[in-house]
Each structure stands twice: as C-alpha cells, then as structure tokens.
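Examining the three-dimensional arrangement
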Amino acid sequence: VIAGGGAVYGRKSVEIWNVRDQKKLGDLSEFRSGLFALAISHSEKLFAVGGGNYGSGGDLSVWSLAESRQIGFVSFGEFPIDGLAFSPDDNVLAAASDDGFVLLYAVDRIRGPQVKKQDFACAVRF
Amino acid sequence: MLTLLSKRIILALATLFCLTSAARPQNSGENAAALLAKLACPDRVKDVAFSPDGKLLAAGYGWNDQGGARIWNVADHAIVATLTIGKGEEANIERVAFSPDGRLFATANWNGDVMLWTVGSWSSHKVVVANRGSSKSLTFSPDSTKIAFSSEDAAIIYDLRSGNTTVLATRTNERNSFISIAFSPDGKSVILFRDDALQMWDIESSLSRPGNHQALVFSVRFQQTVTT
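Conventions we followed
Residues numbered from 1 in each chain as written. Chains lettered and ligands numbered in written order. Predicted model: local features only at pLDDT ≥ 70, side-chain atom pairs only at ≥ 80, totals over all residues. Heavy atoms only, no water. Helix = DSSP H or I, 4+ residues; strand = E, 2+ residues; numbered from the N terminus. Buried < 20%, exposed > 50% of the residue type's maximum accessible area, 1.4 Å probe, protein only. Contact = heavy atoms within 4.5 Å. Core = buried A, V, L, I, M, F, W, Y, C linked by side-chain atoms within 4.5 Å. 1 Å grid on protein atoms, 1.4 Å probe; cavity = no way out; pocket = protein on both sides within 12 Å on 5 of 7 lines; lining within 4 Å. Points joined across faces, edges and corners; volume = space filled by probe spheres on them. Nonpolar A, V, L, I, M, F, W, Y, C, P; charged D, E, K, R; others polar. Pairing = 2+ DSSP bridges. Axes fitted to C-alpha atoms, helices over the stretch in contact; angles between N-to-C directions. Salt bridge = Lys/Arg side-chain N within 4 Å of Asp/Glu carboxyl O. Phe/Tyr/Trp six-rings, centres within 6.5 Å; stacked < 30°, edge-to-face > 60°. Lys NZ or Arg CZ within 6 Å of the ring centre and 35° of its normal. pLDDT = per-residue confidence, 0-100.

When its secondary structure is counted, chain A shows zero helices and 10 strands. Along chain A, helices (α) and strands (β) appear in the sequence β-β-β-β-β-β-β-β-β-β when read from the amino end. Looking at chain A residue by residue over its 126 residues, the buried ones come to 66%. Summarising the internal contacts of chain A: among those between residues at least 6 apart in sequence, 45% fall at separations of at least 24.

Spelled out as structure tokens, the structure:
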C-alpha cells in the first residue's frame, strides 16, 4: 500500500510512505513554490503534483513513483493548480486551474525542464 | 531626456523582467502539445474528478461567489450539467468526487456542506454533512457505501446506508486543520493528514466506538527539520 504523503509549510517536500510498515520510501525536497494538489495514477507508476504562485502561474509536475524521479513539468496561466485527477486509463491528467479552466494533458507527452517549483504538499492519496 | 530617476526605474523594471524570465521555466513545444483541451468554468477551478468509467469529467469551482460544479462528456467535451446550489460563499465548490460504482456524485463547498447527486439525472441533491468548516478533502470508500470528508474543523465518515455521521476527530488548535483524508484500498481504514501528522484510523472500531483512541492505528509526526 502506497500513500503519497504531504509535508508542511516550510518543509518544502513531498514524502512517499509505505503505509503497511510505516516506512518512508521517498522524500522530494527543494521545491520552491506552493503545492496544492497531488494525484497517484491508477497504475501506481506515476504521481503528479500541482501548485504554483498567485500571479506567476500554475505548475504541474509528473513523477515516477518507484524512482521518485521527475518526468515532466508544465506551467500554465497566471494562477495555481488546485486539483488533479488521472483518467481511469491513466492517459489523461486533468488539472483544476485557478485561471478558470480544467486543463486536459496527454500524460505521455508531458516532458520538459527538470524543475521543482512547488513548496508543500497538502494531500494524501492511496 | 530621461531623468536619473526614470533611468533607475527602467533599469529596475528590466532587471525584474530578466529575473522573472530566468526564474520561470519556459514551456517547450513538446509541452504545448501535451495540452489536449481547456474546458472553461465561470470561476476559479478548485478540484477535478473522472467518473470511474472515464466517460465523465467533473469540476468544482468558485472563489468570487460564482461557484458550482460542471460535468462534461470526456469524448466530445460537451457540457452535461452545471450544478449550482445557494448564493455567495455557499455556492463555491471546493471538492468533487464520483462514487466507485459510478452512481453518485458528491460536492463539498466552502461552508463544509457535503451534497450527494444522482449521476445522470443531476436533478436533485441531498445534504449529508452540513456546515463543518471549509472543505479540504472528499472521497468515497472503495465499495461506495461511505464518504470520508475532511475540513478545517473536522474529519467525518458518512455511512450512505444508515445515514449515520461519525466524527473521527475535531480541531483542537489553530494548526490541526484536516487537510486530506483517503480510504485504504480495502476500505477498512482511512488515512488522515493533519497539518503536521499522518494518522491512520481503523474504520470499524471508529464507527462502533466513536472517540475510542484504539481506533487510531498510527500517527506519524513530521519533523520540522530537514533530515539527510
């Protein structure tokens, strides 16, 4: 059982825990801007974190769960990403944007700079 | 002729622009191609959810009191329904969720009201949790018989069959807002994230003996210092 774990203000990290034995599997640190959403793919191969800063855009990054490695990064609009959901087949990632849009991304096309811009996680997901 | 002050302002603006540009990663053409669609809502979008069969997509929105929930067909992006309840802050929807059996849709608003809707008809709703503080997290159990809801003030399990509401925990200080809640895949426990701790609760014990500390399976408190 895997939980995508959240951290706290100031900690600037996303933590991955194995709930069964309560051991931490991954700790992704050095994020730079707010993080407001987290989703784990149905295959449990990927997870996505969303966030950003008001006025400078919404940030979305996709990660390999097993390796805690960033696969891609996307920035959109002026305001943060507040919610994320993988489609049941994991092909599409929907992002709730404070700009007033639902953004639909093709998961296998999200690539780009290896930049960690989010700050703190505030979600747990199995 | 530019005054010294004007030059300094221009220099400052140019520097700010350069710093902003440098700090902000530009999207590659590859990522522009990743964006399949932008579906518009009347206000800031706060949450999204796919129906279990992947045919419907729902969004909860609201910030400037233009709130509601909108449902689209994934195949053609046609709007299936726009749901609005109340006026002002209570109309702002913070969280949305589909039941795993695909029959129900739930919304949670700024006031901590959780509403249930029937997928397909969308015509009527039922308030199952009322006025429990700003909504943070909303999810159905894997067998679609329960809802877990967390807010600034409380973590709650609602049983759809009995109609019973069980409060797992309430806020005791300024810091412990209930940021997120999730069911385990077997539906026997929930994991709860308060501001600085992960807690796991056994559902059966919690529902049969509310407030029983035995129901708290574990609690992991995050350290405030970075460890290496």
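Ranked by internal contacts, the top residues of the largest apolar core, which has 19 residues, are Ala 48, Leu 60, Leu 84, Phe 86, Leu 93, Tyr 105 and Ile 110 of chain A. Of all the elements in the fold, those that place two or more residues in this core are β4 (35–40), β5 (46–53), β6 (57–64), β7 (69–76), β8 (81–86), β9 (92–97) and β10 (101–106) of chain A.

Quick look at empty space enclosed by the protein now. Residue and element names in this part refer to chain B. Applying the stated rule across the entire model yields one cavity of 30 Å³ or more. Lining the largest cavity, in full, are Gly 68, Ala 69, Leu 83, Thr 84, Ile 85, Glu 90, Ala 91, Ile 93, Thr 107 and Trp 117. The class makeup of the residues in the lining of the largest cavity is six nonpolar, three polar and one charged.

Before going further, it helps to examine the sheet that holds strand β5 (residues 79–83) of chain B. Residue and element names in this part refer to chain B. Read from one edge of the open sheet, four strands run β2-β3-β4-β5, paired in antiparallel fashion. Bordering the open sheet on either side are β2 (45–50) and β5, each of which pairs with just one other strand. In this sheet, neighbouring strand axes are inclined to one another by 15 degrees on average, regardless of whether the strands run parallel or antiparallel. Here β2 pairs with strand β3 (residues 56–61) via five bridges, running antiparallel. Counted as the bridge partner of Val 45 is Tyr 61 from β3.

Per the stated rule, a full pass over the model turns up four salt bridges over all chains. Across the salt bridge formed by Asp 98 of chain A and Lys 46 of chain B, the nearest N and O atoms sit 3.0 Å from each other. In this pair, Asp 98 of chain A sits in the loop between β9 and β10 while Lys 46 of chain B sits in strand β2, so the two residues belong to two different chains. Each member of the pair, Asp 98 of chain A together with Lys 46 of chain B, is buried. Across the pair Arg 171 of chain B and Asp 153 of chain B runs a salt bridge, and its minimum N-O distance is 3.8 Å. Note that Arg 171 of chain B is positioned in the loop between β13 (165–170) and β14 (178–183) and Asp 153 of chain B in the loop between β11 (146–151) and β12 (154–159), a separation of 18 residues in sequence. Taking the relative accessible area as the measure of exposure, Asp 153 of chain B reaches 33% and is therefore partly exposed.

Further remarks concern the packing of aromatic side chains. Scanning the entire structure with this criterion turns up five aromatic pairs over all chains. With a centroid separation of 5.7 Å and an interplanar angle of 90 degrees, the aromatic rings of Trp 63 of chain B and Trp 110 of chain B are classed as edge-to-face. Linking Trp 63 of chain B in the loop between β3 and β4 (68–73) with Trp 110 of chain B in the loop between β7 (104–109) and β8 (114–118), this pair joins segments that are 47 residues apart in sequence. Judged by centre distance (5.7 Å) and plane angle (75 degrees), the rings of Phe 105 of chain B and Trp 122 of chain B are edge-to-face. Residue Phe 105 of chain B is found in strand β7, and its partner Trp 122 of chain B is found in the loop between β8 and β9 (125–129); the two are separated by 17 residues along the sequence. By way of ring pairs, the aromatic residues Phe 98, Phe 105 and Trp 122 of chain B are connected into one cluster. In this structure, Arg 44 of chain B is placed above the aromatic ring of Phe 79 of chain A, and the distance from its NZ or CZ to the ring centre is 4.8 Å.

Turning next to the confidence of the model for chain B. Residues and elements named next belong to chain B. On average, chain B scores 80 in pLDDT, and the residues at 70 or more come to 75%. Counting contacts from residues 221–228, a segment whose pLDDT is below 50, to residues more than four positions away or on other chains yields 15 contacts. Reported for the predicted complex are a pTM of 0.82 and an ipTM of 0.84.

Moving on, we come to unusual backbone geometry. Here the phi dihedral of Asp 90 of chain A falls at roughly 65 degrees; this positive angle occurs in a residue that is not glycine. With a phi close to 65 degrees, Ser 144 of chain B is a non-glycine residue in the positive phi region. Topologically, Ser 144 of chain B is positioned in the loop between β10 (135–140) and β11.

Residue and element names in this part refer to chain A. In spatial order, the strands read β4-β5-β6-β7; together these four strands make up an open sheet with antiparallel pairing. Edge positions in the open sheet fall to β4 and β7, since each of these has one partner strand only. Put simply, the sheet's adjacent strands are angled 15 degrees from each other on average, direction ignored.

All names here are of chain B. Within strand β6 (residues 93–98), six of the six residues are buried, which leaves it mostly tucked inside the rest of the structure. Of the pairings in the sheet, the one linking β6 to β7 comprises five bridges and is antiparallel in character. Each residue of the ladder has a partner; that of Val 96, found in β7, is Thr 107. In sequence, β6 turns back onto β7 through a hairpin of five residues, with Gly 102 there showing a positive phi of about 80 degrees.

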